[in-house]
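So you can see what is in the structure, the chains are spelled out below.
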Amino acid sequence: MIHTEAIEKAKSHFARLLEEQLLRVERMKAGEDWVDYSKLAPLIIGVVGGDGIGPYITEQAVRVLKYVLADEIAAGKIELRDIPGLDIESRVAAMKALPEGVLAALKECHVILKGPLTTPKKGDKWPNLESANVSMRRELDLFANVRPVKVPEKGIDWIFYRENTEGEYVLGSNGLLVTEDLAVDFKVITSPGAERIVRLAFEYARKNGIKRVSAVTKANVIKTTDGKFLETAKRVAKQYPEIAFDDWFVDIMAAKLVDEKRRKEFRVIVLPNLYGDILTDEAAEFQGGVGTAGSANIGKRYAMFEAIHGSAPRMVDEGRAIYADPASMMRASVMLLRHIGYVSQATKMESALDICGQFERKVVLTGRSDGATGAQFADYVLKTLQDPNLESRAKSYAKL
Ligand code: IPM
Ligand code: MG
């Protein structure tokens, strides 16, 4: 065999990956408890501005967050802490997706608000480092990527529970170039990994009185891993008899999301990592684009909240960063507030965002100089927040 050496090398590489994954399975099985945010004093919110438009839109979201949390910050109950060192230049200087000092600083926080981070890819000007997003989700074990999409006038009210630590992503930087002509990547699904995301989706449905959960796979083709995900979903579903369960293949689900009659029926959608990545961009488009969507990355110990779009380097190159829409980071902040139990502050901020971004739209961003700046939009949100009749105003709009 002419390729004996290449195959032997591949085998030992594969063996090492399997050992790591089996250890991860053991850690998941050992489990840990959910952190109780009400017991933390101060509760530390780490803020990562990110790359490209990231620092611009993060700054505007932080202005609003500081306003709604003014009392708690003054009382020392909450601390907002800047975490530098995750911009692409610093990552490249350290030649690490998540430089150690930054990871340690992140671990001292309880929750994180994060702007978009540049993900290097083969062929661009950066060394091909792993995505810092993917690395952070894995290192902090943020297994649930929760992405709501709402378009009330179209009857859309979806919440995606995307598995966030496995699938094609977990070994995405550990594929094998066996020979110059043979490239192999790996997809990993584990029983505890699938179970915890499916369970979280069902728990959400149960707590919120939602009567349907849909799983998405491609188990007809990707039989072993997607097969396990689907089988796990079916097993967990039996423990929630009051909730209807159905499953879809990812291709037809991508189509059904544009089917105006059928799509209203979907409510909670649970799916492996890559399908979740793709369908949530598609779904966000109905809501006004990825710029409008926030996303929560939830683990038992840490949680991170972010925009679902990228860092838009072109906007920065063309001098348009100040016109970038901060709504995604503000939506992410709402999810953060709700997650740490600051529900009334979250509701207020969400009402203001609905009014400013969806209903009234007195300040409109276009991403260019013919529209408003992110700072002007934040001013509008801050002014709206000062209205004592905020909630009733938002409700009356929602009824229209
Ligand atoms: C997302 C992004 C990331 C992902 C990228 C930046 C690695 O697209 O959060 O959806 O693929 O998960
Ligand atoms: Mg994505």
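Quick note: structure is the one above.
Here goes a summary of the coordinates provided. Each chain has its residues counted from 1, running along the sequence as written. Here every chain gets a letter starting at A, and every ligand a number starting at 1, in the order they are written. Reporting in this predicted model follows two pLDDT cut-offs: at least 70 for local features of residues, and 80 or more for side-chain atom pairs to be given and counted; totals over whole chains, interfaces and linings ignore these cut-offs and use all residues. The side-chain quantities take in all heavy atoms of the structure and omit both hydrogens and water.

### Some remarks on the packing of aromatic side chains
As a reminder of what qualifies: Only Phe, Tyr and Trp rings are paired, with Trp represented by its six-membered ring, and only when their centres lie within 6.5 Å; those with planes under 30 degrees apart are stacked, over 60 edge-to-face, the remainder tilted. Helical segments are the DSSP runs of H or I of at least four residues, strand segments are the runs of E of at least two, and each set is numbered from the N terminus. Only protein chains enter the accessibility calculation, which uses a 1.4 Å probe. A residue is then buried if its area is under 20% of the maximum for its type, exposed if over 50%, and partly exposed in between. Criterion for a charge above a ring: Arg CZ or Lys NZ at most 6 Å from the ring centre, at most 35 degrees from the ring normal.
Scanning the entire structure with this criterion turns up ten aromatic pairs. Between the aromatic rings of Trp248 and Phe266, the centroid separation amounts to 5.4 Å while the plane-to-plane angle is 80 degrees, which identifies the pairing as edge-to-face. Of this pair, Trp248 sits in strand S9 (residues 244-249) while Phe266 sits in the loop between helix H9 (250-256) and strand S10 (268-271); the two residues are 18 residues apart in sequence, bridging distant segments of the chain. The pair Trp248 / Phe266 is uniform in exposure class, with both members buried. With a centroid separation of 5.6 Å and 15 degrees between ring planes, the pair formed by Phe359 and Tyr397 is classed as stacked. One end of the pair, Phe359, is in helix H13 (residues 343-359); the other, Tyr397, is in helix H15 (residues 390-399), and 38 residues separate them in sequence. By relative accessible area, which is 23% here, Tyr397 ends up partly exposed. Here the aromatic residues Trp158, Phe160 and Phe286 are joined through ring pairs into a cluster of three or more. Positioned above the aromatic ring of Tyr169 is the side chain of Arg162, whose terminal nitrogen or guanidinium carbon lies 5.1 Å from the ring centre. Seen from the ring of Phe286, Arg263 lies directly overhead, with NZ or CZ sitting 4.8 Å from the centre.

### Remarks on the site of ligand 1
Cut-off, in case you're wondering: Proximity is defined per residue: if any heavy atom of the residue lies within 4 Å of a molecule or strand, that residue is considered near it. A 3.5 Å cut-off defines polar contacts: any pair of N or O atoms within that distance qualifies, except that in protein one atom must be a possible hydrogen donor and the other a possible acceptor, and neighbouring residues in sequence count only when both atoms are side-chain atoms. Residues are grouped as follows: Ala, Val, Leu, Ile, Met, Phe, Trp, Tyr, Cys and Pro are nonpolar; Asp, Glu, Lys and Arg are charged; all remaining types, including Gly, are polar.
In the vicinity of ligand 1, the residues found are Thr119, Ser131, Asn133, Val134, Arg137, Arg147, Arg162, Tyr169 and Asp277. At a separation of 2.8 Å, an oxygen atom of ligand 1 approaches a polar side-chain atom of Asp277. Ranked by the residues each element gives to the shell around ligand 1, the list is headed by helix H6 (residues 132-139), at three residues. Within the shell around ligand 1, the residues separate by chemical class into two nonpolar, three polar and four charged.

### Describing the pairing of strand S5 (residues 156-163)
The line we're drawing: Pairs of strands are assigned from DSSP output, requiring at least two bridges between the strands.
Summarising burial for S5: seven of the eight residues are buried, a large majority. One ladder, built from eight bridges, connects strand S4 (residues 144-151) with S5; its direction is antiparallel. For Pro148, the partnering residue across the bridge sits in S5 and is Ile159. What sits between S4 and S5 in their antiparallel hairpin is a turn of four residues, with Gly155 showing a positive phi close to 75 degrees. Pairing of S5 with S10 involves four bridges; the strand directions are parallel. Along S10, the bridge assignment pairs Ile159 with Val268.

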